[in-house]
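Residue-level structure breakdown
What follows is the residue order along each chain.
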Amino acid sequence: MAHPTQLGFQDAASPVMEELLHFHDHALMIVFLISTLVLYIIVAMVSTKLTNKYILDSQEIEIVWTILPAVILVLIALPSLRILYLMDEINDPHLTIKAMGHQWYWSYEYTDYENLGFDSYMVPTQDLAPGQFRLLETDHRMVVPMESPIRILVSAEDVLHSWAVPSLGVKMDAVPGRLNQTAFIASRPGVFYGQCSEICGANHSFMPIVVEAVPLEHFENWSSLMLEDA
């Protein structure tokens, strides 16, 4: 869960998000080093009256500052490509859930069950219980078993939406007439919040996403109760 004045990402709750956090720190350190070097050179050039003919015209320096940026780009690109391929891998999911975007709420269908689905609306501010978060709570949470590969099929009924949960490292556009898929593994139990991250109309900010990861036994009990109510 994000908090005020937070500078970094939310705490990772999936292996992919952990990789993204490591890549973010890796790239940020490179940016800091380059910025420091450039700032030092600027200050040195402005503050000194000395000049050196080998700096003004040197083939060796030209070679160095041509090759060095290329090496830095490779050091950034290789881990980035690795994570992109990791995010696309969907191997033997234990559960498939279809998330449909509507104006302005989400509906979920557990396709591995015969009749398990529900709509998920935001809880109005006046109905919030103590400790609940404004604009983030829903009347029905998407419950998933932890430490299990979950496949999410994402689409929309009307306009463009986007199903995004930052702490799980998941963001997938919901396009009418098209079925996109993504996957995640919740590495720990908890409640993870997200919001539609595609501007989809007047109530765009009022269709939150709540994913609750629970142990497998609790998930089986929850699914049995939902099927009985259906």
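Attention in this report is confined to the structure presented alongside it. All of these numbers come straight from a predicted model, not from anything done at the bench. (Residues numbered from 1 in each chain as written. Predicted model: local features only at pLDDT ≥ 70, side-chain atom pairs only at ≥ 80, totals over all residues. Heavy atoms only, no water.)

The next subject is the packing of aromatic side chains. All told, the structure shown has 9 aromatic pairs when counted by the stated rule. Consider the rings of tyrosine 108 and phenylalanine 118, whose centres lie 5.9 Å apart with planes at 55 degrees: the pair is tilted. Pair noted here: tyrosine 108 is in strand S2 (residues 105-110) and phenylalanine 118 is in strand S3 (residues 117-120), with a separation of 10 residues, a long-range link. Note on tyrosine 110 and phenylalanine 219: the rings are 6.3 Å apart at their centroids and 35 degrees apart in plane angle, and the pair reads as tilted. Placement of the pair is tyrosine 110 in strand S2 and phenylalanine 219 in helix H4 (residues 216-229), with a sequence separation of 109 residues. These aromatic residues form a ring-pair network of at least three members: Tyr108, Tyr110, Tyr113, Phe118, Phe219 and Trp222. (Phe/Tyr/Trp six-rings, centres within 6.5 Å; stacked < 30°, edge-to-face > 60°. Helix = DSSP H or I, 4+ residues; strand = E, 2+ residues; numbered from the N terminus.)

Counting residues in each nonpolar core, the largest one holds 35 residues, and the members touching the most others are Tyr110, Met142, Trp163 and Phe184. Contributing elements (two or more residues each) for this core: strand S1 (95-102), S2, strand S4 (142-145), strand S5 (149-156), strand S6 (161-165), strand S7 (170-174), strand S10 (208-214) and H4. (Core = buried A, V, L, I, M, F, W, Y, C linked by side-chain atoms within 4.5 Å. Buried < 20%, exposed > 50% of the residue type's maximum accessible area, 1.4 Å probe, protein only.)

The mixed open sheet is built from 3 strands, whose spatial order is S4-S10-S9. The two strands at the open ends of the sheet, each matched to only one other strand, are S4 and strand S9 (190-195). Strand-to-strand twist of the sheet, defined as the mean angle between neighbouring strand axes without regard to direction, takes the value 25 degrees. Sheet analysis places S9 next to S10, joined by 6 bridges and oriented antiparallel. Counted as the bridge partner of valine 191 is glutamate 212 from S10. Across the sheet, H4 touches S4 and S10, and the angle it forms with S4 is around 140 degrees. (Pairing = 2+ DSSP bridges. Axes fitted to C-alpha atoms, helices over the stretch in contact; angles between N-to-C directions. Contact = heavy atoms within 4.5 Å.)

From the geometry alone we can't say anything about function, so treat these as descriptive.
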